[in-house]
Amino acid sequence: MNFEKSNSIFNDSNQTISFLKKEVEKFVKDRKWNKYHTPKELAQAISIESAELLELFLFKSPSLEEILNNPNIFSNISEEFADIFIYLLSFANAINLDLSYAFQKKMEKNRKKYPLSEFSNGTYKKK
Ligand SMILES: [Mg+2]
């Protein structure tokens, strides 16, 4: 069960990346925090928030089942995901990056790097 989404009218199906980028842009601008949202600071913030996500798994290994069925674990993971995502959006704003275009280009590259003819049997090897 997805605890966070179950009662929300704000979800992935009805929001655009553009809208979310504008929300973050307004949040940062209203607080006059643009001076802190430089590429270096944002790269560091993404790494720090990623470490906070990792910290949730330090000395424990909740299974997928446990994550999906424990509202506390799910909520903590959700919050760190959101932190990472917000900083990613702010970084995209700071460097005027079109995330959908970047996503599409990288997926094209990944499809070429990991062709189905070679990777459809579940094996994985770093290329
Ligand atoms: Mg955090």
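The following paragraphs examine the structure supplied in this document.

Rules behind the numbers
Counting from 1, residues in each chain are numbered in the order their sequence is written. Owing to the predicted nature of the model, reporting of local features is limited to residues with pLDDT of at least 70; listing and counting of side-chain atom pairs is limited to 80 or more, with chain, interface and lining totals taken over all residues. Helix numbering and strand numbering both begin at the N terminus, where a helix is a DSSP run of H or I of at least 4 residues and a strand a DSSP run of E of at least 2. Any two residues are considered in contact once their C-beta atoms, placed from the backbone, lie within 7 Å. To sort residues by burial, count the other C-beta atoms lying within 10 Å of each one's C-beta; a count of 20 or more means buried, 12 or fewer means exposed, and anything in between means partly exposed. C-beta atoms are built from the backbone. Fitted lines through C-alpha atoms give the axes, limited to the stretch in contact for helices. The angle between two N-to-C directions lies from 0 to 180 degrees. Should an angle fall under 35 degrees it is called roughly parallel, over 145 degrees roughly antiparallel, and 65 to 115 degrees roughly perpendicular, with every other angle called oblique. Think of it as three bins: nonpolar holds Ala, Val, Leu, Ile, Met, Phe, Trp, Tyr, Cys and Pro, charged holds Asp, Glu, Lys and Arg, and polar takes everything else, Gly as well. Here a crossing is taken to be left-handed if its near helix is turned anticlockwise relative to the far helix by less than a right angle, and right-handed if that turn runs clockwise.

**Regarding the overall build of the protein chain**
Next up, step 1: From N to C terminus, the protein chain includes six helices and zero strands.
Next up, step 2: For the protein chain, the sequential pattern of α-helices and β-strands runs α-α-α-α-α-α.
Next up, step 3: Overall size of the protein chain, expressed as C-alpha extent along the three principal axes, is 50 × 35 × 30 Å.
Next up, step 4: Nonlocal contacts in the protein chain, meaning residues at least 24 apart in sequence, comprise 77% of its contacts between residues at least 6 apart.

**What to know about unusual backbone geometry**
Next up, step 1: Positive phi, normally seen in glycine, also occurs at Phe59, with a value near 65 degrees.
Next up, step 2: On the basis of neighbour count, Phe59 is assigned to the exposed category, with 5 C-beta atoms found within 10 Å.
Next up, step 3: If you check the backbone angles, Asn96 has positive phi at about 55 degrees while not being a glycine.

**As for the packing of helix H1 (residues 17–30) against helix H4 (residues 71–94)**
Next up, step 1: For the pair H1 and H4, the least separation of the axes is 9 Å and the interaxial angle reads 85 degrees. By the angle between their directions, the pair H1 and H4 is classed as roughly perpendicular. Listed contacts from H4 to Leu20, Lys21, Val24, Glu25 and Val28 of H1 are Ile86, Leu89, Ser90, Ala92 and Asn93.
Next up, step 2: Considered class by class, the residues forming the contact of H1 with H4 number six nonpolar, two polar and two charged.

**Description of the environment of Val28**
Next up, step 1: Secondary-structure assignment places Val28 in helix H1.
Next up, step 2: In this structure Val28 comes out as partly exposed when scored by C-beta crowding, with 19 C-beta atoms within 10 Å.
Next up, step 3: Along the chain, Val28 and Leu54 lie 26 residues apart, while their C-alpha atoms are 26 Å from each other.
Next up, step 4: With residues near it in sequence (within four places) discarded, Val28 still touches Trp33, Asn34, His37 and Ser90.

**Focus on the packing of helix H2 (residues 39–55) against H4**
Next up, step 1: Between H2 and H4, the shortest axis-to-axis distance is 9 Å and the interhelical angle comes to 165 degrees. Classified by the angle between their axes, H2 and H4 sit roughly antiparallel to one another. The two elements H2 and H4 meet at a crossing, and its hand is left-handed. For the pair H2 and H4, the contacting residues are Pro39, Leu42, Ala45, Ile46, Glu49, Ser50, Glu52 and Leu53 in the first and Ile77, Glu80, Phe81, Asp83, Ile84, Tyr87, Leu88, Ser90, Phe91 and Ala94 in the second.
Next up, step 2: Residue composition of the contact of H2 with H4, by class: twelve nonpolar, two polar and four charged.

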